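This is what each chain is made of:
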Amino acid sequence: FLEHPDEIWPTLQAYWAAQQTKKLPKQPDLAFCYGTLPKVSRSFAIVIQQLPEGLRDAFCVFYLVLRALDTVEDDMSIPIDKKVPLLHAFHNLSQQRGWTTKAGVAEYADLMAGYPAVIQVYLQLDQQYCKVIDDVCRRMGAGMADFITDDVITVDDYDLYCHYVAGLVGVGSSQLFAASGLESEQYAAADELSNHMGLFLQKTNIIRDYLEDIMEEPAPRMFWPREIWGKYVSSLDDLRHPQNEAAALHCLNHMICDALRHAPHSLEYMVGLRNYQIFRFCAIPQVMAIATLALCYNNPAVFRGKVKMRRGQTAKYMMETDSMQTLLEAFMDFGTMLCKKAKSHRIAMAKDPTRETVVERLG
Ligand code: RWZ
């Protein structure tokens, strides 16, 4: 397997598919939730499934509620004067038996159509868990509503947008860990570190998904802050045109440099975890993120299509990340890879403004 990592993937996928059907709960609402989870998130379905029993249902619902909110935010066919109040009310509507709204396409539309099942499971959760989910959902909905009219211009705007859509997921996750009693009470108040965990993942996705987001119909979605791209090009769209390649790569490297700010905080957060399954739930996505950043650094393919890790490599890191030791090893591997790329003396790279900062941040 280690020699031919790609060969394990079909086996692993078949295994998981079998596990999902076998393990699908008998209670129909719960079955809908666990059946929908792998359809709307390839990777999170796996890490949520392996959580301790006392947290699994809460995280399954937490994920689906926020995914539904995200589906509403993303649906460009909903007019702004309807969408804004809907985003604000979403946390209340998610507690009303039978409520649903039409939004999204394909698997996301299916999630919305079956949303009453998610509400049912939510209402049966522990009160403490309900409070956390409600709170995150309310704050995220309000933040998303603000950004429907305001563009992401400065790096502060970028951090704030990412705080709403991902940092709050980190904050809420920490509160759920603490409420379960499986992690220290301190996690309930670790908002700053939790925020960094979410921002590191979200920024990695925003960097990797540049092309997908800018080509979005009917209107492009733009998350890269002008404060960064404005140093290199006169419009965000210019980055994808081959004649601007040198500037585009410098800009990409600047975006990656910015994301790397969060990495040390994310390690600091994970060092304090004591539950094995919770540790893996947190660590696996973080390893995937740094691996993706290493792959994207100075890589023109980001502007041509979707840069993806090899499936076998994904499977390898998913299985191997099982302790602080292996987590640090993975961060070392990808950190070294990034450093080597940043140091390699090519003419174009010599003028890369963030090159030295990248090397510093990996020290
Ligand atoms: C991981 C418990 C799908 C919930 C939010 C996720 C939708 C899109 C922002 C809730 C890692 C990618 C999943 C950054 C948090 N908003 N992207 C749990 C959810 C990164 C996760 C996905 C965000 C999110």
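Residues numbered from 1 in each chain as written. Predicted model: local features only at pLDDT ≥ 70, side-chain atom pairs only at ≥ 80, totals over all residues. Heavy atoms only, no water.

A. Structural detail: the environment of Cys339. Its location among the elements puts Cys339 in helix H17 (residues 324-343). Along the chain, Cys339 and Ala294 lie 45 residues apart, while their C-alpha atoms are 9.0 Å from each other. (Helix = DSSP H or I, 4+ residues; strand = E, 2+ residues; numbered from the N terminus.)

B. Representation of the nonpolar core. With 118 residues, the main nonpolar core has Phe90, Trp224 and Met270 as its most contacted residues. Looking at this core, the element that brings in the most residues is helix H15 (residues 276-296), giving 14 residues. (Core = buried A, V, L, I, M, F, W, Y, C linked by side-chain atoms within 4.5 Å. Buried < 20%, exposed > 50% of the residue type's maximum accessible area, 1.4 Å probe, protein only.)

C. Representation of helix H5 (residues 80-93). Taking 1.5 Å of rise per residue, the 14 residues of H5 would be expected to cover 20 Å, and the 18 Å separating its terminal C-alpha atoms lies within 8% of that figure. The largest bend in H5 comes to about 40°, at Leu87. Those residues of H5 that fall on the buried side of the exposure criterion are Lys83, Leu86, Leu87, Phe90, His91 and Leu93. (Expected span 1.5 Å × (residues − 1). Bend = angle between axes of the 7 residues up to and from the residue.)

D. The arrangement of the pattern of salt bridges in detail. Applying the stated criterion across every chain yields a total of 16 salt bridges. Arg221 serves as the salt-bridge partner of Asp213, at 2.9 Å between the closest nitrogen and oxygen. Arg221 shares its class with Asp213; the two are buried. For the salt bridge of Asp258 with Arg261, the shortest nitrogen-to-oxygen distance reads 2.7 Å. Looking at Asp258, the relative accessible area reads 6%, which means it is buried. The exposure class of Arg261 is partly exposed, given its relative accessible area of 28%. Beyond isolated ion pairs, a larger network of salt bridges with shared partners links Asp74, Asp213, Glu216 and Arg221. (Salt bridge = Lys/Arg side-chain N within 4 Å of Asp/Glu carboxyl O.)

E. Structural detail: the packing of H15 against H17. Two elements in contact, H15 and H17, have axes whose closest approach is 9 Å; the angle formed by their N-to-C orientations is 10°. Overall, the two elements H15 and H17 adopt an arrangement that is roughly parallel. Across from Phe279, Ala283, Gln286, Val287, Ile290, Ala291, Leu293, Ala294 and Leu295 in H15, the residues of H17 making contact are Met324, Leu327, Ala330, Phe331, Phe334, Met337, Leu338 and Lys341. Broken down by class, the residue content of the contact of H15 with H17 amounts to 15 nonpolar, one polar and one charged. (Axes fitted to C-alpha atoms, helices over the stretch in contact; angles between N-to-C directions. Parallel < 35°, antiparallel > 145°, perpendicular 65-115°, else oblique. Contact = heavy atoms within 4.5 Å. Nonpolar A, V, L, I, M, F, W, Y, C, P; charged D, E, K, R; others polar.)

F. Structural context of the site of the ligand. Around the ligand, the surrounding shell holds 13 residues, and the nearest of these are Phe44, Tyr63, Asp70, Gln202 and Asn205. Interatomic distance of 2.9 Å between a side-chain N/O atom of Gln202 and a nitrogen atom of the ligand. Summarising the interface, the protein chains cover 92% of the accessible area of the ligand, which totals 510 Å² for the free molecule. Broken down by secondary-structure element, the contributors of at least two residues to the shell around the ligand are helix H4 (53-74), helix H9 (155-180) and helix H10 (191-208). For the shell around the ligand, the element with the most residues is H4, which contributes six residues. Taken together, the residues that form the shell around the ligand break down as nine nonpolar, two polar and two charged. (Near = heavy atom within 4 Å. Polar contact = N/O pair within 3.5 Å; in protein donor to acceptor, adjacent residues only side chain to side chain. Areas by Shrake-Rupley, 256 points an atom, 1.4 Å probe, with all protein chains shown as cover.)

G. Representation of the packing of helix H6 (residues 106-113) against helix H7 (residues 115-123). Put simply, H6 and H7 touch, their axes get as near as 4 Å, and they point 55° apart. Classified by the angle their axes make, H6 and H7 are oblique. Packed against H6, whose contacting residues are Leu111, Met112 and Ala113, the element H7 presents Tyr115, Pro116 and Val118 at the interface. Classifying every residue of the contact of H6 with H7 by side-chain character gives six nonpolar, no polar and no charged.

H. Region of the structure containing the packing of aromatic side chains. Taken as a whole, this structure holds 18 aromatic pairs when the rule is applied. Aromatic side chains Tyr161 and Phe223 sit 5.3 Å apart centroid to centroid with 15° between the ring planes, which places their arrangement in the stacked category. You can see Tyr161 sitting in helix H9 and its partner Phe223 sitting in the loop between helix H11 (210-214) and helix H12 (226-229), a full 62 residues away along the chain. Measuring from centroid to centroid gives 5.0 Å for Tyr187 and Tyr269, while their planes differ by 80°, and the two rings are edge-to-face. Of this pair, Tyr187 sits in the loop between H9 and H10 while Tyr269 sits in helix H14 (residues 263-271), placing them 82 residues apart in sequence. (Phe/Tyr/Trp six-rings, centres within 6.5 Å; stacked < 30°, edge-to-face > 60°.)

I. Quick peek at unusual backbone geometry. The step from Glu217 to Pro218 runs through a cis peptide bond, and the omega angle for that step is 0°. Structurally, Pro218 can be placed in the loop between H11 and H12. The backbone of Ala106 shows a phi angle near 50°, a positive value even though the residue is not glycine. With respect to the helices, strands and loops of the structure, Ala106 is situated in helix H6. The exposure class assigned to Ala106 is partly exposed, which follows from its relative accessible area of 48%.

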